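Examination of the molecular architecture
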Amino acid sequence: MFIGLNLTSEYIVPEEVKDAGFQICADELASVVEGRDVKKLKIHGGVEGIASKLSTSVNSGIPTSEQLLSKRKEIYGINKFTESPAKGFLTFVWEALQDMTLMILGICAFVSLVVGIVMEGWPKGAHDGLGIVASILLVVFVTATSDYRQSLQFKDLDREKKKITVQVTRDGCRQKISIYDLLPGDIVHLSIGDQVPADGLFLSGFSVVINESSLTGESEPVNANSYNPFLLSGTKVQDGSCKMLVTTVGMRTQWGKLMATLSEGGDDETPLQVKLNGVATIIGKIGLFFALVTFAVLVQGLFSRKLEEGSQWTWSGDEAMEILEFFAVAVTIVVVAVPEGLPLAVTLSLAFAMKKMMNDKALVRHLAACETMGSATTICSDKTGTLTTNHMTVVKACICGKIKDVGSAKEAYDLGSEIPDSALKILLQSIFNNTGGEVVKNKDNKNEILGTPTETALLEFGLRLGGDFQAERQASNIVKVEPFNSTKKRMGIILELPEGGFRVHCKGASEIILAACDKVIDSKGEVVPLEKKYAHVLINTIEKFANEALRTLCLGYMEIETEFSAESPIPSSGFTCIGIVGIKDPVRPGVRESVAICRSAGITVRMVTGDNINTAKAIARECGILTENGLAIEGPEFREKSEEELHEIIPKIQVMARSSPLDKHTLVKHLRTTFEEVVAVTGDGTNDAPALHEADIGLAMGIAGTEVAKESADVIILDDNFSTIVTVGKWGRSVYINIQKFVQFQLTVNVVALIVNFSSACLTGNAPLTAVQLLWVNMIMDTLGALALATEPPTDDLMKRMPVGRKGNFITNVMWRNILGQSLYQFLIIWYLQTRGKAAFQLNGPESDLILNTLIFNSFVFCQVFNEISSREMEKINVFQGILQNYVFVAVLSCTVVFQIIIIEFLGTFASTSPLSLQQWFVSVILGFLGMPVAAALKMIPVGPK
């Protein structure tokens, strides 16, 4: 690093910076890192010079007193990006008003108001126009409210997605803090898979490779070291680990400046929304055709009447208003026919599911994942942390030929006392140096172990043996590190020894490290050749540990005298075996039950792990994944298979052990393309990113997962629990089923409304449902229907049916049966009332037409109210189960009934209705209610495959 260079500079420290106790301003720091300005870095005394000017220690970090932190924030800012302001409610109102059909209706309302007031005066002549205006405003208000609430919900979810913690050293204590609390001068610890949280400078580390593609677009990774110390916010640590000095935060970072140039984009439409938009377009075109024909028939009827009267050359204002009403009816038929509620139902259902899944410890990053998860046919799951608890402990060890239980502190200490001092020394040196973890002192001055669960288990074992982490690290100098690699399945370091010479330590997959050993430490602590007989004993020990569902690791070392070169890779053979440890990672409670639920739901669970085949099989059996007819295979064997062999074995694979990221990717790809499965994949590391991208649904682990894995995933499982994945599947199915329920309900209303108005216009010359009434029906079936049916919570029965899969039809035969049967019933009721209603209710006098049309309107609305209840279940006759637990459904239904009473009894002038007698109300409600036994009877009719 650039230390001890006394170059003159023209940089002048601003007074406010000096007064705060610093020697460099935020803009100068930003220019050094962003511009990768080596010359400026030298002028400021290199990395340590910058650290000094930031009043920080490269070892202890910044002091944590509130006063000093406040000064630092005041001078350098905070690590937050300026977010675009959220849309206000009025913006959503304006967007809702842009709907073309509503604009046409608005024009109709305006013309109606002008003609009505001119002809009949105020206020009588304004009633029809004001009725349409009120309906439009109600539609706009409900739509805007729904969209506004949804935007707030997505804002909350987005905030949740950005909750990232980083490890820093402050006041000499290593601790986790929020990424937003980072300040210039902080010492950040980065490891493979981490996202660089701010602009900064490399302090120390090993084999650090940075992926800068998110900033530069260049796919070629960059090495970070003392010669190229510049680390930029938003980039990813592809390999290695290091300490970084934070120099620039927030909007001054290169990432912050990039974000400032980008406008915030919303979620893309989900596949189901796209599919339903296509359905909506087709239905809309059909509705437009019916609307044009209806308008033509109505106008033709008026012309015919005037021709008969001989008054075709004289037109009154009433007749002009009549034509305008015909046009309004035609436009409203289009409004009713266009099922804009379909995409709204999808969005509402997904948003509802997303919010509820947050409570169930699943953070959905992409809306489409909710619905796709409902179609999943295969889950490729990790073992560690997903099926198991990820709380690892070394419970068995084979050291110096002694196989011992070491699960308790006493057992481990006893082992340390029994083995020779020379062997114990080498073992502790290996554990405490060849690690990606660390033992630090927390605020209470107690030992705290940081690192992955495996590293934590080994370090805890070292402490139980009586080792001292800090003393061991200070006794030797680490000169080279090769971090754990999922391809090589091992980690290695080279130590420079105090007495001269170098020593290599390696650890990793037992069979791989043992195969690299040709010597072993015997019971006397002496290094002896590893003969076949002893090697066989060790192999049996590995298998024995693995069969007990223990994860095994082998530790080895090698003396390399003075033949070391920093550029040379760590040797792959010639090691001395120190010993083998067995690490227990208990299966999570409820996993076996969750796997059984998946099986009954037609979802195949496959376990993909880097563990030994025996360990993997033992865990898989314990979880209920590996069955008698299932196949367990190792990655290397899988790679050797031909395409024909893969085609034969892939459906049978339940366990893949010793797998590489490429194996996982290949398995997922074949399942999706060759077998047309809908595949969900879990992952926690950077190497899982290809498989997560390839899968239909990527599920990243929230606790153990790297930022790269999380960014590649569609859903983040916040508690790393397999049972949560099953819950996500249940919610996914719930979304799909809820939208099917809504589509069934809406298409029924569409079909009936279109046929009734069209047939009535053609046969009687007028439409029984006015523009205002149709707008209210449209409100019931679109926004309110979506709210009621799209927010049904999932039931356990959802996991007892087979998945839809990739090729399933969205509108099933069951749905067509229900739609056509219910539509026929409703049409017959409306048609009967139109043709026989006056006689049946003994309606006479000038108001008889108005009362009859009110009866038709009321009966039609109550048909929809009861059909909405029937739509809660597409196949079950009992539709009342759990209805009171769905408060949204009950509230929507209650509001619909209350508003219908108000419209009929009090808003007759605006809605073209007349108050009804108790008998007429009773009949209307009964006619609607009879739709429920009709729906129940329809469900008894068998239909073909879905």
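Please refer to the structure placed before this passage.
Cut-offs applied
- Residues numbered from 1 in each chain as written.
- Predicted model: local features only at pLDDT ≥ 70, side-chain atom pairs only at ≥ 80, totals over all residues.
- Heavy atoms only, no water.
- Helix = DSSP H or I, 4+ residues; strand = E, 2+ residues; numbered from the N terminus.
- Contact = heavy atoms within 4.5 Å.
- Buried < 20%, exposed > 50% of the residue type's maximum accessible area, 1.4 Å probe, protein only.
- Salt bridge = Lys/Arg side-chain N within 4 Å of Asp/Glu carboxyl O.
- Axes fitted to C-alpha atoms, helices over the stretch in contact; angles between N-to-C directions.
- Left-handed = near helix turned anticlockwise from the far one by under 90°.
- Nonpolar A, V, L, I, M, F, W, Y, C, P; charged D, E, K, R; others polar.

1. As for the side chain of Ser859
Mapping Ser859 onto the fold places it in helix 31 (residues 848–870). Each residue touching Ser859, except ones within four places of it in the same chain, is listed here: Leu833, Ser924 and Leu927.

2. A word on unusual backbone geometry
Positive phi, normally seen in glycine, also occurs at Ser55, with a value near 55 degrees. Phi angles above zero are rare outside glycine, and Ala549 is one such case at about 65 degrees. Tracing the chain through its elements places Ala549 in the loop between helix 20 (532–547) and strand 19 (550–561). On the basis of relative accessibility, which here comes to 6%, the residue Ala549 falls in the buried class.

3. Points about the pattern of salt bridges
Considering all chains together, one arrives at 27 salt bridges under this definition. A salt bridge links Asp186 to Arg170, with the nearest nitrogen and oxygen atoms 2.7 Å apart. Of this pair, Asp186 sits in the loop between strand 2 (173–178) and strand 3 (187–191) while Arg170 sits in strand 1 (residues 165–170), and the two are 16 residues apart along the sequence. When the shortest N-O distance is used, the salt bridge between Arg551 and Asp611 registers 3.0 Å. In this pair, Arg551 is assigned in strand 19 and Asp611 in the loop between strand 21 (604–608) and helix 22 (613–623), connecting sequence segments 60 residues apart. Ionic contacts of the salt-bridge type, sharing partners, join the residues Lys383, Arg551 and Asp611 into one network.

4. Observations concerning the packing of helix 16 (residues 421–433) against helix 17 (residues 453–464)
Packing of helix 16 against helix 17 brings their axes to within 9 Å, and their N-to-C directions diverge by 145 degrees. Every pair of crossing elements has a handedness; the one defined by helix 16 and helix 17 is left-handed. Across the interface between the two elements, Leu428, Ile431 and Phe432 of helix 16 pack against Leu458, Leu459, Phe461, Gly462 and Leu463 of helix 17. Partitioned by chemical class, the residues of the contact of helix 16 with helix 17 number 7 nonpolar, 1 polar and no charged.

Function-wise, these values are silent; they only describe arrangement.
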